[in-house]
Amino acid sequence: MASSIFLSPKPRIIISRTDNIGDVILTLPLTGLIKQKYPNATLIFIGKKYIRPIIESCEHIDKFIDWDDVSALPYEDQLLVFKNLDAEVIIHVFPNPEIASLAYKARIPDRIGTSHRSYHWLSCNKLVNFTRKKSDLHEAQLNVKLAEPLGIKDIPTLEELKGLYGFTRIPKWTGADLIDKNRFNLILHPKSRGSAREWEWKNWNELASILPKEKFKLFVTGTETEGVEIRKNLLEQHPDITDLTGKLDLSQLIAFISKADGLVACSTGPLHIAAALSKRAIGLYPSIRPMHPGRWAPIGEKAAYLALEKDCTDCKKKNYCTCINSLKAEQVKALLNNE
């Protein structure tokens with residue numbers, strides 16, 4: 001167990017997580033817990049450029065540092081950025097050797113990281129011993145374990161985590177008024193940019209076919225590149241679905257999800273955004289560890305997921321997943337009807 005840190009009355013704490021949307025969303029409850037314990041703290045988040053809208057939507061975080069911009073600077077200027085943050089603590093939620101080294105060289109007094117990264121033994125002075133890969137805890141709970149040296153030793157339940165996002169500073173929707181107040185406005189997000197196992201097209205088409213049009217208005221989201229595949233495999237059969245692929249940056253995606261009633265997706269960032277916004281977020285998951293819902297399920301007041309109840313490794317080295325494609329459109333419909 002890492003020893004506890006003694007902080008000043010108004011500490012400046014850095015959270016470093018330079019990976020993707022879903023990972024970052026599931027780090028927000030950690031920021032809520034820190035603000036509960038240290039309400040006068042200034043929280044600084046280091047992340048990729050494109051996740052800025054996520055951070056700016058979180059009431060717990062006071063400052064965003066764009067790692068893409070900082071990493072492009074000459075090394076001495078990078079070091080100056082870290083020194084000027086005047087932080088007492090940095091928590092390496094997502095291990096990054098360059099950031100770990102900069103925090104050490106900038107003499108940030110307390111540097112927290114997992115003991116399972118060899119470079120942390122040189123760059124961090126507060127090591128927390130746990131492994132994510134084999135843990136039965138959810139990703140959001142694993143993030144909280146890194147706050148142990150801050151005196152946050154109790155791991156919240158998933159129910160407790162629901163109220164900790166602070167996802168309240170939602171961007172204004174600037175697009176056309178697409179929402180039908182007389183129907184359930186449902187977003188389909190079929191693709192994952194290769195980050196997750198995906199439901200095959202026949203399932204998405206069946207879902208679009210069995211949802212009654214008088215009750216549901218359907219939208220589809222994704223990147224412009226994904227849109228080419230979506231238009232060919234889904235929209236040709238269902239031209240009544242409103243196509244938003246390639247039309248929304250992350251800020252406007254957050255805004256539109258906040259206006260909609262629900263979202264169906266595999267294990268992707270938009271699913272976790274919908275969950276954080278207390279929308280009906282339905283996730284489609286494989287059974288394989290560590291991709292299973294035990295680790296990555298959406299957490300929210302109206303969030304739910306589907307997965308086969310089995311321990312499976314069949315598709316570990318394949319892109320096609322029999323387990324996720326065994327999930328039925330009727331099961332998704334049933335969850336939507338139970339909203």
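An account of the accompanying structure is given in this report. In every chain, residue numbers begin from 1 and rise along the written sequence. Since the coordinates come from a predicted model, pLDDT governs what is reported: local features require at least 70, and pairs of side-chain atoms require 80 or more to be given and counted, while whole-chain, interface and lining totals use all residues. The side-chain values count all of the structure's non-hydrogen atoms but skip hydrogen atoms and water molecules.

Attention now moves to helix 11 (residues 224-235). Secondary structure is summarised from DSSP: a helix means a run of H or I of at least four residues, a strand means a run of E of at least two, and numbering begins at the N terminus for each. Expected helix span is computed as 1.5 Å times (number of residues minus one). Taking 1.5 Å per residue, 12 residues should reach 16 Å; helix 11 reaches only 14 Å between its end C-alpha atoms and comes up short. Three exposure classes are used, based on accessible area relative to the maximum for each residue type with a 1.4 Å probe and protein chains only: buried under 20%, partly exposed in between, and exposed over 50%. What helix 11 keeps buried is the set Glu226, Gly227, Ile230, Leu234 and Leu235. Down the axis of helix 11, the buried side of the element spans an arc of 100°, and every buried residue falls inside it. Turned more than 90 degrees away from the buried face of helix 11 sit Thr225, Val228 and Lys232, all of them exposed. The arc in question is the one spanned by the directions pointing from the helix axis to the C-beta atoms.

Below, the discussion takes up the sheet that holds strand 2 (residues 42-47). Being paired, for any two strands, means DSSP has found at least two bridges between them. Sheet architecture is open: six strands sit in the order 3-2-1-4-5-6, paired in parallel fashion. Across the chains shown, the open sheet's two edge strands, defined by having one partner strand only, are strand 3 (63-66) and strand 6 (126-128). Put simply, the sheet's adjacent strands are angled 20° from each other on average, direction ignored. In this structure, strand 1 (residues 12-16) lies alongside strand 4 (residues 89-92), joined through four bridges in parallel fashion. Residue pairing for strand 4: Ile14 is matched across the bridge by Ile90. Contacts are assigned to residue pairs that have any heavy atoms within 4.5 Å of one another. All axes here are fitted lines through C-alpha atoms, helices being fitted over the stretch that makes contact, and every angle between N-to-C directions spans 0 to 180 degrees. Relative to the sheet, helix 6 (residues 97-105) contacts strand 1, strand 2, strand 4 and strand 5 (110-114), its axis offset from that of strand 4 by approximately 165°.

This next bit is on unusual backbone geometry. One non-glycine residue with positive phi stands out, namely Arg107, at about 65°. In this structure, Arg107 sits in the loop between helix 6 and strand 5. Of note in the backbone geometry, Ser278 takes a positive phi value of approximately 60° without being a glycine. In this structure, Ser278 sits in the loop between helix 13 (269-276) and strand 11 (280-284). Of the residues examined, Ser278 reaches a relative accessible area of 32% and is grouped as partly exposed.

In globular proteins that are soluble, nonpolar side chains generally tend to be buried together. What is meant by a nonpolar core is a set of buried Ala, Val, Leu, Ile, Met, Phe, Trp, Tyr and Cys residues, joined one to another through side-chain atoms within 4.5 Å. Formed by 61 residues in total, the largest nonpolar core has its most connected members in Ile34, Ile54, Ile91, Phe167 and Ile273. Tallying contributions element by element places helix 12 (residues 250-259) first for this core, with six residues. With residues up to four places along the chain from it excluded, the contact list for Ile91 reads Ile13, Ile14, Ile15, Ser16, Ile34, Ile112, Leu146 and Leu150.

A few words now on the side chain of His238. Note that His238 resides in the loop between helix 11 and strand 9 (242-243). Any N or O atom pair separated by 3.5 Å or less is treated as a polar contact, with the protein-specific requirement of one donor-capable and one acceptor-capable atom, and with residues adjacent in sequence counted only for side-chain atom pairs. A distance of 3.2 Å separates a polar atom in the side chain of His238 from a polar atom in the side chain of Asn205. Residues within four places of His238 in sequence aside, it is in contact with Asn205, Ala208 and Ser209.

Let us look at the environment of Gln141. Mapped onto the secondary structure, Gln141 falls in helix 8 (residues 139-145). Considering only alpha carbons, one finds Gln141 and Pro29, 112 residues apart in sequence, at a separation of 8.8 Å. Those residues within four positions of Gln141 in sequence are excluded, and the remaining contacts are Ile155, Pro156, Thr157, Leu158 and Leu161.

This paragraph deals with the pairing of strand 7 (residues 184-189). Burial analysis of strand 7 places six of its six residues in the buried class, which makes it a mostly covered element. Alternating residues of strand 7 divide into Phe184, Leu186 and Leu188 and Asn185, Ile187 and His189, and every residue in both groups is buried. In terms of strand pairing, strand 7 meets strand 8 (residues 216-220) through five bridges, oriented parallel. Across the sheet, residue Phe184 finds its bridge partner in strand 8, namely Phe216. Once you follow strand 7 into helix 10 (residues 201-210) and on to strand 8, the crossover reads as right-handed. When strand 7 meets strand 10 (residues 262-266), the two strands line up parallel, connected through four bridges. From the neighbouring strand, Leu186 faces strand 10, where its bridge partner is Gly262. By convention, orient the strands away from the viewer: a clockwise path from the first strand over the helix to the second makes the crossover right-handed.

Shape descriptors only; they carry no functional weight alone.
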